[in-house]
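Each chain, letter by letter, is given below.
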Amino acid sequence: MTEKFHLGWFTNFAPPIWEGAFSGDIGSTWADGRFYMDFAKALDRAGFDYMMLEDSSMVSDAYEGTSRADLKHHLYAPKHDPLALAPLLASVTTNLGIVCTASTSFYPPYQLARAMSTLDHLSRGRIGWNIVTSSEDRAAQNYGLDHLYEHDARYDRADEFVEVVDKLWSSWEPDALVMNRETGHYVDHTKVSTIDHKGQFYSVRGPLNTLPSPQGRPVICQAGGSPRGRQFAAEHADTIITQSRGKERMKAYRDDIRARAEHAGRNPDDVKLLFIVNPVLAETDAEAQDRRAAALAQTDKNVERALAHLSALTEVDFSQFDLDAPLTQDVETNGHRTTLAEFLRLGENGAKTLREAAAGWNINAVDLIGSVETVADQMQETMEFVGGDGFLISGPMTRQYISEVTDGLVPELQRRGLTRTSYEHTTFRDNLLSY
Ligand SMILES: Cc1cc2nc3c(=O)[nH]c(=O)nc-3n(C[C@H](O)[C@H](O)[C@H](O)COP(=O)(O)O)c2cc1C
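What comes next concerns the included structure. (Residues numbered from 1 in each chain as written. Predicted model: local features only at pLDDT ≥ 70, side-chain atom pairs only at ≥ 80, totals over all residues. Heavy atoms only, no water.)

1. Here we look at the side chain of Gln-215
In this structure, Gln-215 sits in the loop between β8 (203-204) and β9 (219-222). Looking at Gln-215, its side chain comes within polar contact range of the main-chain nitrogen of Arg-429, at 3.0 Å. Setting aside residues no more than four positions away along its own chain, Gln-215 makes contact with Asp-120, Gly-125, Arg-126, Ile-127, Thr-427, Phe-428 and Arg-429. (Helix = DSSP H or I, 4+ residues; strand = E, 2+ residues; numbered from the N terminus. Polar contact = N/O pair within 3.5 Å; in protein donor to acceptor, adjacent residues only side chain to side chain. Contact = heavy atoms within 4.5 Å.)

2. A short note on the packing of aromatic side chains
Centre distance and the angle of the planes are the two values used to describe a pair of aromatic rings. A full pass over the atoms with the stated rule returns 18 aromatic pairs. Ring geometry for Trp-9 against Tyr-401: centres 5.9 Å apart, planes inclined by 80°, an arrangement best described as edge-to-face. Of the two residues, Trp-9 is situated in strand β1 (residues 6-11) and Tyr-401 in helix α15 (residues 399-415); the sequence distance between them amounts to 392 residues. Residue classification places Trp-9 among the buried positions, given a relative accessible area of 0%. Taken together, Trp-9, Phe-13, Trp-30, Phe-35, Tyr-36, Phe-39, Phe-48 and Tyr-401 form an aromatic cluster joined through their ring pairs. The ring centre of Tyr-435 lies 4.7 Å from the NZ or CZ of Lys-4, which sits over that ring. Over the ring of Tyr-76 we find Lys-79; its NZ or CZ atom is 4.5 Å from the centre of that ring. (Phe/Tyr/Trp six-rings, centres within 6.5 Å; stacked < 30°, edge-to-face > 60°. Buried < 20%, exposed > 50% of the residue type's maximum accessible area, 1.4 Å probe, protein only. Lys NZ or Arg CZ within 6 Å of the ring centre and 35° of its normal.)

3. Brief notes about the pattern of salt bridges
Within the structure shown, the criterion is met by 31 salt bridges. For Arg-68, the salt bridge goes to Glu-64, with nearest N and O atoms at 3.2 Å. Note on Glu-64: relative accessible area 37%, which makes it partly exposed. Here Arg-258 and Asp-269 are joined by a salt bridge, their closest N and O atoms 2.8 Å apart. Pair noted here: Arg-258 is in helix α9 (residues 247-263) and Asp-269 is in the loop between α9 and β11 (272-277), with a separation of eleven residues, a long-range link. Look at Asp-269 and you get partly exposed, because its relative accessible area is 41%. (Salt bridge = Lys/Arg side-chain N within 4 Å of Asp/Glu carboxyl O.)

Note that all results are geometric; they support no functional claim without further evidence.
Structure (structure tokens):
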């Protein structure tokens, strides 16, 4: 008997697929937020734990030294601010968690703590924060830095950042709001204190100027893959999203995180790991296999998209390498190290050329391909092997695909008792930790 597992969806506030046969006018209307409001409603109806909005803040010119490919394929830009979208999503949903990405390398802690507290109120306790340290010099240059801080140093700063925002979120005692009509006090000032933080990187007086929010602390999401990143995630995160590839490595990653969490004095069951997948669904297994083959075709467009994307997140210009030579192993990055390492593994011992590796590149934990019954079987088997805790769906951004998952796959999972049919609680964290 498999235990129930959790579902999240990995997306961003950026153009969906705009040139498809069923795309309608989405290319010119997505930015008003209504596509994302419909999307969030579908996830709320299907019992998803959360919608995770990734983010970055740059137009990349890492590929060929120009922004041509980035903008042509809308890879890193345009991308709009998830914190501004969140209240719209909250206003049309009742239980869905909404995770916004914000970078500890660029935000001042006070501003982040205040924004998250405000959003937690607006969503009635359903906001999450995906803590990232960012990966690109190009983004750093939009915030007054010449270069991004070195990889492990970014996590040292992030540790202190989290310490500061936690202090700010606790700077009001939960019962500070008294609304005493007899004395005329709205807030009791003895329950609101400065934090007087003076650390290595930050100096913040406090207190925060927002009311204590429904969750107090937003749900913390993280995606660290390196040893330093894993340690950070295991210490702070309620949910971890991960790109470990293959069942054995998924299990090893989960076991490692759980051990690190326990070592840090936490209950490992309080950290829910969601593994990235991109289910390819169709009426029949054969049709789904055809769809998958079409998506993997070594077309110039697919190859350029993949390489420009990899270039942006590693800031290594992949246009400099011969497409038909074995994939070089001689590349390093200060950006997404885990993603680069996974990509280079495709070419180990000359296994694949750059073109072949690029065309087949994805960050899925396992391949899920087939009818809804077949994919539900595959998800069930994977969770039984790994031990839990759930999947983070990422797939082609179309209304059609959202419906395939929420009206096809999820009902099949629900029939098997594998995912929830209704929410247990009202706040995001309580739902996430309910099983
Ligand atoms: C599913 C997933 C989502 C991520 N989302 C973002 C994001 O929105 N913004 C960002 O700057 N980095 C993002 N990252 C990068 C991670 O924060 C992290 O830097 C990366 O996984 C590499 O791990 P490391 O920092 O421990 O080397 C994401 C990574 C993964 C696997």
